[in-house]
Amino acid sequence: MIQQDTTLLTIEQSEGFPAPNIPADNPITEARSQLGRKLFYDKLLSSDQTISCASCHSQGDVFSDVNQFSTGVGGAQGGRQGMAIFNLAWHNGGFFWDGRATTLREQAVGPIENPLEMNETLANVVSKLNNTSDYPTMFEAAFGDNSITSDRIGLALENFMLTIVSNDSKYDQYLAGNVTLTQSEERGRRLFFGIGQNNMNGPGGGGPQGTVNCAQCHGGANFDSPQYFNIGLDGDGNI
Ligand code: HEC
Ligand code: HEC
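Thresholds, definitions, all that
All residue numbers refer to position in the chain's written sequence, counted from 1. Written order determines the labels here, with chains lettered from A and ligands numbered from 1. Two thresholds apply to this predicted model, a pLDDT of at least 70 for residue-level local features and 80 or more for giving and counting side-chain atom pairs, whereas whole-chain, interface and lining totals are computed over all residues. Side-chain calculation: all heavy atoms of the structure are included, whereas hydrogens and water are not. Note that water is not among the atoms considered, so a metal site may appear incomplete; the donors listed are N, O and S atoms within 2.8 Å of the metal, with 3.2 Å applied to Na, K and Ca. Only DSSP runs of H or I covering at least 4 residues are called helices, and only runs of E covering at least 2 are called strands; the numbering of each starts at the N terminus. It suffices for a single heavy atom of a residue to lie within 4 Å of a molecule or strand for the residue to be listed as near it. Within 3.5 Å is the distance limit for a polar contact, defined as a pair of N or O atoms, with the added protein rule that one can donate a hydrogen and the other accept it, and that residues adjacent in sequence qualify only through two side-chain atoms. In this classification, the charged set is Asp, Glu, Lys and Arg, the nonpolar set is Ala, Val, Leu, Ile, Met, Phe, Trp, Tyr, Cys and Pro, and all remaining amino acids, among them Gly, are polar. Domains are outlined according to an automatic or database domain assignment. It only takes one pair of heavy atoms within 4.5 Å for two residues to be counted as in contact. Basic side-chain nitrogens of Lys or Arg form a salt bridge, by our definition, when they fall within 4 Å of a carboxyl oxygen of Asp or Glu. Axis angles are defined between N-to-C directions and span 0 to 180 degrees, where every axis is a line fitted to C-alpha atoms and, for a helix, only to the segment in contact. Angles below 35 degrees are treated as roughly parallel, those above 145 as roughly antiparallel, those between 65 and 115 as roughly perpendicular, and all remaining angles as oblique.

**Q** What should I look at first to understand the coordination of the iron atom of ligand 2 in this one?
**A** Think of it this way: four donors in a tetrahedron around the metal ideally sit 109.5 degrees apart, and six in an octahedron ideally sit 90 or 180 degrees apart. You will see that the iron atom of ligand 2 has only one donor from the protein, His218 (NE2), lying 2.0 Å away. On the secondary structure map, histidine 218 appears in the segment after α8 (183-193).

Encoded structure:
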């Protein structure tokens, strides 16, 4: 019997960034986030053990997929791109491009059973994890006993994904007053926020005449919006 490890993990975040939204029943602990991280990188979660979450959410590409459509088990092609996973603790609204998952823990186990992604059953994953030498102990440290359930898999993955935070970018440093932007960056900033007049005259600019104003949709600290927009992309994004 090992003891539950409830040591909280401190997450670094930029000065001035709002407080993260962490579920009260899933505080970020070292044991849970380490378990979640191991699950995230583990190909055992897929039916033929070739695909992990990281196959489509690669750290080197901001935990996203560089391909337009993600490839799952057996070369199956999905209808959408694996999106960048970061700053989910500041996420506005539902998850997925269309917001159909309301919580991260619910979202996290979805790919396991999606035939175009990991094509596995949760029951099989539970039994595969039970047959390893390290997972039962890690579940025990994370949750207090060694029972492995799909709910706990979801909680651990949620825990880990909430730790993926963009911190101290050049823009964060600019907001903190520690660096200045180049002229070109400053022009982009003004266009993005629809500040003042510039050379972007013509139809399509959403802001005051002559500006673009991306921030009307990409707003707030996280540059996102809880709303869903039809921005005229091709219509067959079904999965
Ligand atoms: C085969 C590729 C693939 C695999 C494997 C995969 N994902 Fe994804 N992921 C996607 C795609 C594509 C989307 C966008 C789907 C949509 O909008 O319908 C997505 C979306 C997400 C989102 C939503 C993020 C947001 O901002 O709304 C999260 C979180 C996520 N995946 C986590 C995971 C986890 C955890 C795993 C492993 C258990 C995983 N993914 C495995 C392709 C994949
Ligand atoms: C009317 C609302 C709206 C405006 C205005 C807008 N966007 Fe977007 N943007 C979206 C939506 C919706 C998506 C997601 C598209 C999808 O579903 O594939 C998006 C996606 C993006 C992405 C891709 C994000 C990712 O994770 O892959 C970038 C980058 C982006 N927008 C930049 C901009 C810039 C720069 C501007 C200003 C020139 C702008 N947007 C103006 C709504 C908007």
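We are not done yet, so read on.
**Q** Before we go on, may I ask you to explain the site of ligand 1 in this structure?
**A** Around ligand 1, 27 residues are found, and the nearest of them are Cys53, Cys56, His57, Arg80 and Phe96. Contact distances for ligand 1 include 2.8 Å between an oxygen atom and a side-chain N or O atom of arginine 80. When residues of the shell around ligand 1 are traced back to their parent elements, those giving at least two are α2 (53-56) and α3 (104-113). Looking at the shell around ligand 1, the element that brings in the most residues is α3, giving 4 residues. Looking at the shell around ligand 1, its residues break down into 15 nonpolar, 9 polar and 3 charged.

**Q** Just checking my understanding: could you explain the domain arrangement of the protein chain for this structure?
**A** For an interface, size is often stated in terms of accessible area lost upon the parts coming together. Each domain of the protein chain was delimited in the assignment, giving domain 1 (30-162) and domain 2 (181-239). Each partner contributes to the interface: domain 1 provides 12 residues, whereas domain 2 provides 8 residues. Our count for the contact surface shared by domain 1 and domain 2 stands at 0 salt bridges. Our enumeration of links across domain 1 and domain 2 arrives at 4 residue pairs in polar contact (both at pLDDT 80 or more).

**Q** Looking at this model, I keep getting lost on the packing of helix α1 (residues 30-40) against helix α6 (residues 150-162). Mind explaining?
**A** The geometry of a pair of packed helices is captured by two quantities: the angle between their axes and the separation between those axes. The interhelical angle for the contact between α1 and α6, taken along N-to-C directions, is 100°, at an axis separation of 7 Å. One finds that α1 runs roughly perpendicular with respect to α6. Side by side, α1 and α6 meet where Arg32, Ser33, Leu35, Gly36, Arg37, Leu39 and Phe40 of the first sit next to Ile153, Ala156, Leu157, Asn159, Phe160 and Met161 of the second. Of the residues assigned to the contact of α1 with α6, the class counts are 8 nonpolar, 3 polar and 2 charged.

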